[in-house]
Amino acid sequence: DQPKYVRIAKERLSKLVVAEKVSKTPMEPKFTKINIPTNLPQFGALSPDGKNIALVSANKLWKMPLSGNLGSDIPGIPELIKTEGVFVSDWALSWSLNGKWIAFYSNPQLDDKGNVSENPSIYVVPSDGGKPKKVIENVRDVENDYISLSANGNDLAFSSIEENKQHIFSTPVDKVIPRQLVEMEARNPVFSPDGKYIAFVKGKN
């Protein structure tokens, strides 16, 4: 005689049954092999939605669909992400969780005489291409270290060496104010999906 409460009880019971099945299901990774007809660079970064991979070739940034018209295991046509002449290093790319931004290291910029005109820097560029924004320059020879963007791309985490000690920092992208996160030597910072935490590796490279 109280169908409303019976319906609610049944919905809650069904959720409990599903939750119990999920908790008993072993967590196993699923691997998908993608056949790419070229040599991959040292580093590639999978987009948050799992549909694209960002990679570097000849100091240029590319976005490649993981599936194309020929089948789910054959990638689509790579798309050049324009960086307006900034040479991209083939290491440590990072997507923002919303998929709108990619952070990358630049190679040292040389002038016409072969002299270094700009030290290695960290840039952020729209994943669809556009004017890259230089966030910070001279990261003290740790350009092979991981970097991480927050979910909305507003904050960057990175590591730097000061006085022969390596520490992790975070800074807003638009208003660069680096803040050291921990006293211990650390590297490879990574934002949590909600942006509230940063995981890192203790120790120096």
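Above: the structure in question.
For clarity, every value in this text was computed on a predicted model and none was experimentally measured. (Residues numbered from 1 in each chain as written. Predicted model: local features only at pLDDT ≥ 70, side-chain atom pairs only at ≥ 80, totals over all residues. Heavy atoms only, no water.)

Participant: Sorry if this is basic, but what is going on with the side chain of serine 148 here?
Facilitator: The topology assignment puts serine 148 in strand S11 (residues 148-149). There is a polar contact of 3.0 Å between the side chain of serine 148 and the backbone nitrogen of phenylalanine 191. Beyond its immediate chain neighbours, meaning those up to four positions away, serine 148 contacts Ser94, Asp155, Leu156, Ala157, Pro189, Val190 and Phe191. (Helix = DSSP H or I, 4+ residues; strand = E, 2+ residues; numbered from the N terminus. Polar contact = N/O pair within 3.5 Å; in protein donor to acceptor, adjacent residues only side chain to side chain. Contact = heavy atoms within 4.5 Å.)

Participant: Explanation requested: the sheet that holds strand S4 (residues 79-81) in the structure shown.
Facilitator: Hydrogen bonds along the backbone pair up the strands of a sheet, which may run parallel or antiparallel. What the 4 strands build is an open sheet, ordered S1-S2-S3-S4; its pairing is antiparallel. Either end of the sheet is taken by a strand with one partner, and the two such strands are strand S1 (44-46) and S4. Taken over all neighbouring pairs, the strand axes of this sheet differ in orientation by 30° on average, direction set aside. Pairing of S1 with strand S2 (residues 52-57) involves 3 bridges; the strand directions are antiparallel. Paired with leucine 46 across the bridge in S2 is isoleucine 53. (Pairing = 2+ DSSP bridges. Axes fitted to C-alpha atoms, helices over the stretch in contact; angles between N-to-C directions.)

Participant: Is there a simple way to think about the side chain of threonine 171 in this case?
Facilitator: Structurally, threonine 171 is set in strand S13 (residues 165-172). We classify threonine 171 as buried; its relative accessible area is 0%. Within the structure, threonine 171 has its side chain in polar contact with the backbone nitrogen of isoleucine 177 (distance 2.8 Å). Those residues in contact with threonine 171, other than ones at most four positions away along the chain, are Val135, Asn154, Asp155, Leu156, Phe158, Val176, Ile177 and Pro178. (Buried < 20%, exposed > 50% of the residue type's maximum accessible area, 1.4 Å probe, protein only.)

Participant: I keep staring at the pattern of salt bridges and nothing clicks. Help me out?
Facilitator: Working definition: two side chains of opposite charge can pair if their charged atoms are close together. Scanning the entire structure with this criterion turns up 3 salt bridges. Lysine 131 is paired through a salt bridge with glutamate 84; the nearest N and O atoms lie 3.8 Å apart. Highlighted residues: lysine 131 in the loop between strand S9 (121-126) and strand S10 (133-137) and glutamate 84 in the loop between S4 and strand S5 (94-95), separated in sequence by 47 residues. Both residues of the pair, lysine 131 and glutamate 84, count as exposed. When the shortest N-O distance is used, the salt bridge between glutamate 137 and lysine 134 registers 3.0 Å. By relative accessible area, glutamate 137 is classed as partly exposed at 32%. (Salt bridge = Lys/Arg side-chain N within 4 Å of Asp/Glu carboxyl O.)

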